Amino acid sequence: MDRENVQRRADLVARAARSFEIMFGEAPAIFAYAPGRVNLIGEHTDYNDGFVLPCAIDYGTVVAIGPAASDQLCAVASDYGDDRDAFDPNAIFVSQKTEWKNHVRGIAASLAARTGMIQGANLAIAGNVPQGAGLSSSASMGVALAKALVEHQQITGLSATDLALIAQQSENAYVGTACGIMDQLVSAKAEAGAALLIDCRTLDTMPVYMPEDLIMLVIHSGIERQLADSPFNQRRAECEQAAKYYDVPTLRHLTEDRLIADRGELDDVVFRRAQHVVTEIARTEIAANILSNGDIAKLSELMRQSHLSLRDDFEVTMPAIDDLVAMIGKHLGSRGGVRMTGGGFGGCVVALVPKDQVQPVMDPVTANYDPPDGRPVRIFQCLPSSGARII
Ligand code: GLA
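Residues numbered from 1 in each chain as written. Predicted model: local features only at pLDDT ≥ 70, side-chain atom pairs only at ≥ 80, totals over all residues. Heavy atoms only, no water.

A. Seen up close, the pattern of salt bridges. Within this structure, the stated rule accounts for 22 salt bridges. With a shortest N-O distance of 3.3 Å, R375 and D373 are connected by a salt bridge. We classify R375 as partly exposed; its relative accessible area is 39%. Using a relative accessible area of 31% as the deciding quantity, one classes D373 as partly exposed. When salt bridges that share partners are traced, they join R235, E238, R263, D268, R272, R273 and E315 into one network. (Salt bridge = Lys/Arg side-chain N within 4 Å of Asp/Glu carboxyl O. Buried < 20%, exposed > 50% of the residue type's maximum accessible area, 1.4 Å probe, protein only.)

Right, dumping it as structure tokens:
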């Protein structure tokens, strides 16, 4: 781990500790941490039971936790001016106007449903995953919260996969995002130095080690979005519609041959959604096989195809993101790969770049890309990091 990374995490812990102490007048007992993620390839395939290849990054969320004097769960959010919430964790979930509160209440409700009673606790949250960037700030917060509560209340018998499922349940049932399992599972289970191939049908995972000389650059387009109010849920419904049409349980079960052969009168939009998913699942499996053996030219081509499929068939890219990808792709050629990453409708571009090309890639982006939010372009150099842990 490099120095900057250690310092960044220490700042986060200090921030969570500070908010905790101001609010509760004592030091927390435990700190839990869970990372955000960048998805290398396999977009919109998780909720279709397909493959995904995300990588945990060295940006995440710290939750400081300690005992409470009452049965209430009292939470303070360092990133929202120490805004606070207090509620009975075993009472029925009541939706709040402020989204961070729904995440906390949703995790408590999902954990209580899985394990029985939750005790009261005090907790403080601090995160540094850019929000609305498609880097899973909410999954990182959900998994960190679940990890903190489980550890603090000494709940036994829950695996990293269980923590991920609890965090996903919280998003699906309480926050209102019909997300798949990718973000939470990689945040809970990633290994340092590796991306994680996830089979979303079985939830089996396999670390795929990143070649040392390949750097992950994440470039923020400046277009922020929240999944809960993007057409994300609509895309998921279209995929389900396609699966129903082809009479398969999920699009994972559809082959490229059948996709074409049995197309019949299927609506063009729904067909294209299915075409993206079926081809993307195939690309992801190949990408996982070639990433660790360093066939960068092939990886570059797979990432290029993935982006075009997300642009033309799944229709979740934005013109500014297409421009960024084109600009970086033109420079890199087959020396590296670039594509949009995450749910789409804004957010970030991921580029896998040989070490000696980092500066030559960043310079033209900094000089020529004009983010629509008017802020200077933000570029993050991310390290493949390990998943949720107590620190
Ligand atoms: C969001 C969701 C994930 C996944 C991606 C798209 O990040 O939370 O479950 O569906 O979009 O690949």
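B. Spotlight on the environment of R304. Inspection of the secondary structure assignment puts R304 in helix α9 (residues 296-312). Under the relative-accessibility criterion, R304 is labelled partly exposed at 43%. Considering only alpha carbons, one finds R304 and S187, 117 residues apart in sequence, at a separation of 26 Å. (Helix = DSSP H or I, 4+ residues; strand = E, 2+ residues; numbered from the N terminus.)

C. Region of the structure containing the site of the ligand. Close to the ligand lie 13 residues; E43, H44, D46, G180 and D183 are nearest. Note that an oxygen atom of the ligand is positioned 2.7 Å from one of the side-chain N or O atoms of E43. Contacts to the ligand include D46, whose side-chain N or O atom sits 2.5 Å from an oxygen atom. Residues of the shell around the ligand, tallied by class, amount to five nonpolar, four polar and four charged. Two domains each put at least three residues into the shell around the ligand: domain 1 (6-208) and domain 2 (210-382). (Near = heavy atom within 4 Å. Polar contact = N/O pair within 3.5 Å; in protein donor to acceptor, adjacent residues only side chain to side chain. Nonpolar A, V, L, I, M, F, W, Y, C, P; charged D, E, K, R; others polar. Domains from an automatic or database assignment.)

D. Spotlight on the nonpolar core. In this structure, V38, L40, L53, L217, I219, L291 and I328 are the most contacted members of the largest nonpolar core, which totals 73 residues. Counting residues per element, this core draws most heavily on helix α8 (residues 268-291), at ten residues. Setting aside residues up to four positions removed in sequence, L291 forms contacts with L40, L53, A195, V208, Y209, M210, P211, L214 and L299. With 45 residues, the next largest nonpolar core counts A32, A112, L163 and V186 among its residues. (Core = buried A, V, L, I, M, F, W, Y, C linked by side-chain atoms within 4.5 Å. Contact = heavy atoms within 4.5 Å.)

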